[in-house]
Amino acid sequence: MVESEIKIYISSLSGNKEVKKRQQRVTMILDSKHIEYTVIDITEPTMEKEKDFMQANSTEMGVTVSDTNPRHPLPPQIFNGEQYCGDYNSFELANENDELEAFLKLEPAKNGVASSQPVAVNGKAEEPETPAVVAEEEKPAEPTNGVTTEETITTTETTTEETNEAKVVEDSAETTAEDNGAATAADDAATADAE
């Protein structure tokens, strides 16, 4: 497996709400997929080299609705080590098409969790969170006494329908009995009035 270092270049001081939302979405998706990454805030004074690297090596501009022709590539920009992966639009498309590992130039791990280097934020190493173990694919339930799950569901549905039909008949009989009882009481009252 190829080890990698995913880098997300962001701007914590951006006045553009769309850029901020895009940065949050990228990190949220990577967190949910347990993909480790490094966040590089290009607005930090000590990150001038990283900012220059991002601007020089980004081939996509990160066009937004409010800035359709930016002078420099807009964050977030995504790299795997020194290799450019793409901007937010490419990231989003890869995520939608379930091709995120290929976009990030990762090889999926055997347990379904992509691998990368330890996480560092703004050049400071942090302990990576241990990714949750992804359960193996669930196997279909084994037949019980030769009855498959589908047969069990069909039998349950049939039994439920038969029970509902029996209840309707029972309710109908009770209603008829009540109606007959009310009619008998009305006949008795009418007979008593006539006498």
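Residues numbered from 1 in each chain as written. Predicted model: local features only at pLDDT ≥ 70, side-chain atom pairs only at ≥ 80, totals over all residues. Heavy atoms only, no water.

Section: the overall build of the chain
Phase 1 of the analysis: In terms of helices and strands, the chain carries five helices and six strands.
Phase 2 of the analysis: When the helices and strands of the chain are placed in sequence order, the string is β-α-β-α-β-β-α-α-β-β-α.
Phase 3 of the analysis: The buried share among the 195 residues of the chain stands at 31%.
Phase 4 of the analysis: For the chain, the proportion of contacts with a sequence separation of at least 24, taken over those separated by at least 6, is 67%.
Phase 5 of the analysis: Entry remark: accessible area of the chain is about 13,300 Å², with carbon and sulfur atoms responsible for 51%. (Helix = DSSP H or I, 4+ residues; strand = E, 2+ residues; numbered from the N terminus. Buried < 20%, exposed > 50% of the residue type's maximum accessible area, 1.4 Å probe, protein only. Contact = heavy atoms within 4.5 Å. Areas by Shrake-Rupley, 256 points an atom, 1.4 Å probe, with all protein chains shown as cover.)

Brief notes about the nonpolar core
Phase 1 of the analysis: One finds Ile 6, Leu 30, Ile 78 and Leu 104 to be the most contacted residues of the largest nonpolar core, which totals 18 residues.
Phase 2 of the analysis: Among the elements of the structure, strand E1 (6-10), helix H1 (17-32), strand E2 (37-41), helix H3 (88-96) and helix H4 (100-103) are those that each provide at least two residues to this core.
Phase 3 of the analysis: Counting residues in each nonpolar core, the second largest holds eight residues, with Ile 40, Phe 53, Met 54 and Tyr 84 among its members. (Core = buried A, V, L, I, M, F, W, Y, C linked by side-chain atoms within 4.5 Å.)

Observations regarding the packing of aromatic side chains
Phase 1 of the analysis: For the structure on display, the rule yields five aromatic pairs.
Phase 2 of the analysis: Each residue in the set Tyr 9, Phe 53, Phe 79 and Tyr 84 is aromatic and connected to the rest through ring pairs, giving one cluster. (Phe/Tyr/Trp six-rings, centres within 6.5 Å; stacked < 30°, edge-to-face > 60°.)

Describing the environment of Val 63
Phase 1 of the analysis: Mapped onto the fold, Val 63 is located in the loop between helix H2 (48-57) and strand E3 (77-80).
Phase 2 of the analysis: When the C-alpha atoms of Val 63 and Asn 89 are compared, they prove to be 8.2 Å apart, with 26 residues separating the residues in sequence.

Thoughts on the confidence of the model for the chain
Phase 1 of the analysis: Averaged over the chain, the pLDDT score is 74; the fraction of residues at 70 or greater is 53%.
Phase 2 of the analysis: Of the regions scoring below 50 in pLDDT, residues 115-139 engages in 43 contacts with residues more than four places distant in sequence or in other chains. (pLDDT = per-residue confidence, 0-100.)

Here we look at the pairing of E2
Phase 1 of the analysis: Burial within E2 is extensive, with five of its five residues counted as buried.
Phase 2 of the analysis: Of the two faces of E2, both are covered, the one formed by Tyr 37, Val 39 and Asp 41 as well as the one formed by Thr 38 and Ile 40.
Phase 3 of the analysis: Taken together, the five bridges between E1 and E2 define a ladder with parallel strand orientation. Bridging across to E2, Lys 7 finds its partner in Thr 38.
Phase 4 of the analysis: Note that the unit made of E1, H1 and E2 has a crossover that is right-handed. (Pairing = 2+ DSSP bridges. Right-handed = clockwise from strand over helix to strand, strands pointing away.)

Quick word on the environment of Leu 100
Phase 1 of the analysis: Within the secondary structure, Leu 100 is located in helix H4.
Phase 2 of the analysis: On the basis of relative accessible area, Leu 100 is assigned to the buried category, the value being 2%.
Phase 3 of the analysis: Sequence spacing of Leu 100 and Leu 30 is 70 residues, and the spatial spacing of their C-alpha atoms is 9.3 Å.

Let's talk about the pattern of salt bridges
Working definition: two side chains of opposite charge can pair if their charged atoms are close together.
Phase 1 of the analysis: All told, the structure shown has three salt bridges when counted by the stated rule.
Phase 2 of the analysis: Here Glu 92 ties to Arg 25 by a salt bridge, and the two come within 2.9 Å at their closest N and O atoms. Residue Glu 92 is located in helix H3, and its partner Arg 25 is located in helix H1; the two are separated by 67 residues in the primary sequence.
Phase 3 of the analysis: Relative accessible area serves as the criterion here: at 13%, Glu 92 is assigned to the buried category.
Phase 4 of the analysis: Assessed through its relative accessible area of 28%, Arg 25 is described here as partly exposed. (Salt bridge = Lys/Arg side-chain N within 4 Å of Asp/Glu carboxyl O.)

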